[in-house]
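Inside the fold
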Amino acid sequence: MKTKTMEDLFHETLKDIYYAERKILRALPKMARGATSPDLKAAFQKHKDETEVQVERLQQVFELIGKPARGKTCPAIDGILEEGEEALQAFADSPALDASLIAAAQAVEHYEMARYGTLRRWAEVMGMKDAAKLLDQTLQEEGMTDEALTQLADTSINQAALQAA
């Protein structure tokens, strides 16, 4: 059996986040439809558009390493998205619905930031400057999305959930 290398680890993790991003792409429209706040709906739509570009960047990274763009099942993102689906159902008629959706979306963002941060660092260590640059672009976007969700929660969503209670 061949000894696994850092390149193998990078490739496996890349497949993981590729699967995750494609699953997230399918979940975002459902989250947007479930949201009651027009601003939150718009945030989910904006992130869907960004995610489409992020998937394209991942495809470019696969090309850079000479591998086909394929995902591998990621139980972590499946679980996080399942929790988001449960929140959507459990809080469907609640004033806390949008707050629950933001919490679910931020769990997704934090997972993505962890993966992209690791992949970017590994790409740097392996001297893959072009891949590192692409991964860093996405990492920065994920951080901005997380911050935008926090701002939305702080400026309106959390207060609306409290006042309606």
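Check the entry above for the structure.
Predicted, not measured: the structure shown is a model, and the values here were computed from it. (Residues numbered from 1 in each chain as written. Predicted model: local features only at pLDDT ≥ 70, side-chain atom pairs only at ≥ 80, totals over all residues. Heavy atoms only, no water.)

We now examine the environment of L40. Structurally, the position occupied by L40 is in helix α2 (residues 38–64). For L40, a relative accessible area of 0% corresponds to the buried category. As for L40 and I157, which are separated by 117 residues in sequence, their C-alpha atoms are 8.7 Å apart. Ignoring any residue separated from it by four or fewer positions in sequence, one finds L40 in contact with A35, D98, L101, I102, L149 and L152. (Helix = DSSP H or I, 4+ residues; strand = E, 2+ residues; numbered from the N terminus. Buried < 20%, exposed > 50% of the residue type's maximum accessible area, 1.4 Å probe, protein only. Contact = heavy atoms within 4.5 Å.)

A rise of 1.5 Å per residue sets the reference length of helix α4 (residues 97–125), with its 29 residues, at 42 Å; its end C-alpha atoms lie 42 Å apart and thus fit the reference within 8%. At the C-terminal side of α4, G127 shows a positive phi close to 75 degrees. (Expected span 1.5 Å × (residues − 1).)

For the rest of this paragraph, the subject is the packing of aromatic side chains. Taken as a whole and assessed by the stated rule, the structure comprises 1 aromatic pair. Taking the centre distance of 5.4 Å and the plane angle of 75 degrees together, the rings of Y18 and F62 count as edge-to-face. In this pair, Y18 is assigned in helix α1 (residues 6–34) and F62 in helix α2, connecting sequence segments 44 residues apart. The class for Y18 is buried, based on a relative accessible area of 4%. According to the relative accessible area criterion, F62 is buried, its value standing at 0%. (Phe/Tyr/Trp six-rings, centres within 6.5 Å; stacked < 30°, edge-to-face > 60°.)

Bringing the side chain of E142 into the picture now. Relative to the helices and strands, E142 resides in helix α5 (residues 129–164). Within the buried core, E142 has no salt-bridge partner, and the shortest N-O distance to an opposite charge, that of R57, equals 7.4 Å. Every residue in contact with E142, bar those within four places of it in the chain, is listed here: E21, H47, Q54, E109, E112, M113 and Y116. (Lys, Arg positive; Asp, Glu negative; His and termini not counted. Salt bridge = Lys/Arg side-chain N within 4 Å of Asp/Glu carboxyl O.)

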